[in-house]
Amino acid sequence: MAIPLRNARSTGRFNRFLRNCFLIASAAPMLTITHSAGLAEDNELWMTWRGSNRDSMVRNTAWPSSLSQDNFKLVWSAPFSDSYSGPIVTKDSVFTTESVGGNERVTCVDRKTGETRWSKDWSGSMKVPFFAARNGSWIRATPATDGETLFVGGIRDVLVALDCKTGEEKWKLDFAAKFGKVPDFGMVCSPLIDGEHLYVQAGKGLHKLNKGDGSIVWSALADSGDIMSSGAFSSPVIAQLDGKRQLIAQTRTYLAGVDLESGSKLWSKEIQSFRGMNILTPTVWDNGVFTSSYGGRSLLLDVQSGATSTRWENKVEGYMSSPIVIDHYCYLHLRNKRFACIDLKEGKEAWITRPFGEYWSMVSNGEKILALDQDGKLRLVAHDPKEFKMLGELKVADEEAWAHIAVAGSDVVIRTQKSLRLYQWKD
C-alpha cells in the first residue's frame, strides 16, 4: 500500500488496522450449505468458516450455565507453528494449518488424542508489505471440508484439495499464476462448499469451481489488483434474499449479490471503510444484509428487484469480528474494543460495554455466546438485550489466539499462535 506513514503513532494504528485484514475473513442466518449429515450430527462437526452452517450458530444444543476450571477441561494440546486459520473438526479428526520452513502445511490429528495422522506440505510462502510485517507472513484462510475432501487456501493464493483420510493431493489451483497477481496481504477468504461446487474470493475476484477437479466454472467481481482495493478480507455466504437463492460477497469496497449459475451481479452497494478494511462476513436478516466496517458505519440494507436501499444506519463501527444474530439482536465486537448489542429492527444499540480485547471469535447456541479474544481469554455471555451479562471468564492460553474458535458437541477447539488445543466443556 503506497501510503505515507507520517509518524510512529500513525504507523502503529495502521498496523493494528491491517492485522484485521490478515486474520480472517467473518455470518448469516438462512445459509443454505449442503451437508449430508442431519442437524444433530452437524452439531458434532465444525466443517468450515464459522461452523458447519457458516453462521457461528450451534442449534438444539444445551450449554453449561457457567464457565470455569471446574467444567472446562483440557483434553490434549499439540505444538504447531504460526497460523491464523481456524480449526476444522470432523467426526474423528481435527485439521489445522501452519506456515513453516518457507512452506505451508496442513495437519490432520486424531480428535480424541491429538496425535498426528498425516501432514501435507506445499510451496507457497510470501512476505507481506514491510509496514505490515508485525502481523506476520503466514497462512490466514480457514479451510473447508465436505467430509471427504479438505480445501485449503494458502497465503500465496494457492488452493489445494486433499483427501481427508490420507492427505493425498487431488488437485491444486494457483490463482496468482493464473490471474497474474499475488495478493499483497495474502489469501484470506475461506472456501464455501455448496453441492458439487466451491466458491472462493481469490485471484482478483470471485470464482465458482468444480470441487471435483478445481476447474473454474465462472469468474466474477473482478478487480484491478490495486493494493488499496484488491484481495478480499471477507468470506462469502449463500442465502435466500429477495426471493432468490444467491451468493453474497463482501469485496474491499462493496457488497454484492451474485447469481449462482451465471456469476452475474444481481445488485451491489458501496460500503465506506478505511483503506478497504471491509472484513465482516455478510449477515442476512429479515430479507436484508447487515454489515459494519472500520472507518464506516453499521447499516442494514434492503434488497428488492436488483436495487438496494438503506433501512437504517448508525455510527457504530465494527472491526474484525463478525456478529452473532439471535432473534432480532446483533451482538458485535467493535473497533473501539467494546461489545455491543444492536436492535436490528430499530438500528439502535441496546447496550455497549467497556473495552474487552481487540478481537472476539464467537459461537452461540441461541441462548449464550462463547467468545475467545486474542489474549487467550474465553468468555461466556448471556443473550440478554436488557444488559450485558457475563456468565464466566477463563484464561485458556498464554500466547495470542487470533484464529476462530470451533465448537463441536462438547468439544471446544482453540488454535493459538503456537498450539492446537481441545477442551471438553461439561457441567
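No experiment lies behind these values; they were computed from the predicted model shown.

Observations concerning the overall build of the protein
- Across its full length, the protein holds 3 helices and 32 strands.
- Looking at the protein as a whole, 62% of its 427 residues are labelled buried.
- Approximately 15600 Å² of the protein is accessible, and the part contributed by carbon and sulfur atoms is 45%.

Quick word on the environment of S235
- Turning to its location among the elements, S235 is positioned in the loop between β13 (216-220) and β14 (237-241).
- Sequence spacing of S235 and Y199 is 36 residues, and the spatial spacing of their C-alpha atoms is 9.4 Å.
- Among the polar contacts made by the side chain of S235, one reaches the main-chain amide nitrogen of S190 at a distance of 2.9 Å.

Let's talk about unusual backbone geometry
- At N60, a residue that is not glycine, the phi angle is positive and equals roughly 55°.
- One non-glycine residue, K337, lies in positive phi territory at about 75°.

Some words on the confidence of the model for the protein
- Residue-level pLDDT values for the protein average 89, and 89% of them are 70 or greater.
- Overall, residues 1-18 carries pLDDT values under 50, and its contacts beyond four positions in sequence, including any with other chains, amount to 37 contacts.

A closer look at the pairing of strand β25 (residues 348-355)
- Here strand β24 (residues 338-343) runs beside β25; their pairing, made up of 5 bridges, is antiparallel. If you follow R338 over to β25, its bridge partner there is P355.
- Between β24 and β25, which pair antiparallel one after the other, the connecting turn spans 4 residues, and G347 there sits at a positive phi close to 75°.

Here we look at the packing of aromatic side chains
- For the structure shown, the criterion picks out 20 aromatic pairs.
- Summarising the aromatic geometry, the rings of Y331 and F339 are spaced 6.2 Å apart at their centres and angled 25° between planes, so their arrangement reads as stacked.
- What makes Y331 buried here is its relative accessible area of 0%.
- F339 sits in the buried class, given a relative accessible area of 0%.

Here's the deal with the pattern of salt bridges
- Inspection of every chain in the model, using the stated rule, returns 20 salt bridges.
- Ionic pairing is found between E313 and R297, a salt bridge with its closest N-O pair at 3.1 Å. On the criterion of sequence distance, the pair formed by E313 in strand β21 (residues 307-314) and R297 in the loop between β19 (288-292) and β20 (298-304) is long-range, its members being 16 residues apart.
- For E313, a relative accessible area of 46% gives the class partly exposed.
- In this structure, R421 engages E399 in a salt bridge whose closest nitrogen and oxygen atoms are separated by 3.6 Å. Highlighted residues: R421 in strand β32 (residues 419-425) and E399 in the loop between β29 (390-395) and β30 (406-408), separated in sequence by 22 residues.
- By relative accessible area, which is 22% here, E399 ends up partly exposed.
- One salt-bridge network, in which partners are shared between bridges, spans D92, D110 and R117.

Structural notes on the sheet that holds β13
- A sheet is described by the order of its strands in space; here 4 strands give the open sequence β10-β11-β12-β13, paired in antiparallel fashion. Each edge of the sheet is formed by a strand with only one pairing partner; in this case those strands are β10 (192-194) and β13. The average angle at which neighbouring strand axes cross in this sheet is 20°, direction not considered.
- For strand β12 (residues 205-210) and β13, the ladder comprises 4 bridges, and the chain directions are antiparallel.

Details of the sheet that holds strand β17 (residues 265-270)
- As summarised here, the arrangement of the 4 strands in space is β14-β15-β16-β17, forming an open sheet in which the pairing is antiparallel. Strand pairing shows two members of the sheet lacking a second neighbour, β14 and β17, which therefore form its edges. Sheet twist, expressed as the average angle between the axes of neighbouring strands with direction ignored, equals 30°.
- Taken together, the 5 bridges between strand β16 (residues 254-258) and β17 define a ladder with antiparallel strand orientation. Residue G257 lies in a different strand from β17, and its bridge partner there is W267.

Description of the nonpolar core
- Counting 30 residues, the largest nonpolar core has F72, L370 and V412 as the members making the most contacts within it.
- Take this core: its biggest share by element is 4 residues, from β32.
- Discounting chain neighbours no more than four positions away, the residues touching F72 are L67, L378, L394, V396, V412, Y423, Q424 and W425.

Concerning the environment of H328
- Within the secondary structure, H328 sits in the loop between β22 (324-326) and β23 (329-333).
- Leave out the neighbours within four places in its chain, and H328 touches W285, I342, D343, L344 and K345.
- Side-chain polar atoms of H328 contact the side chain of D343, separated by 3.1 Å.

A few points about the side chain of T291
- Along the chain, the position of T291 falls in strand β19.
- Note on T291: relative accessible area 2%, which makes it buried.
- In this structure, T291 is in contact with Q250, L255, I271, L280, R297, S298 and L299, ignoring residues within four places of it in sequence.

Thresholds applied
Residues numbered from 1 in each chain as written. Predicted model: local features only at pLDDT ≥ 70, side-chain atom pairs only at ≥ 80, totals over all residues. Heavy atoms only, no water. Helix = DSSP H or I, 4+ residues; strand = E, 2+ residues; numbered from the N terminus. Buried < 20%, exposed > 50% of the residue type's maximum accessible area, 1.4 Å probe, protein only. Areas by Shrake-Rupley, 256 points an atom, 1.4 Å probe, with all protein chains shown as cover. Polar contact = N/O pair within 3.5 Å; in protein donor to acceptor, adjacent residues only side chain to side chain. pLDDT = per-residue confidence, 0-100. Contact = heavy atoms within 4.5 Å. Pairing = 2+ DSSP bridges. Phe/Tyr/Trp six-rings, centres within 6.5 Å; stacked < 30°, edge-to-face > 60°. Salt bridge = Lys/Arg side-chain N within 4 Å of Asp/Glu carboxyl O. Axes fitted to C-alpha atoms, helices over the stretch in contact; angles between N-to-C directions. Core = buried A, V, L, I, M, F, W, Y, C linked by side-chain atoms within 4.5 Å.

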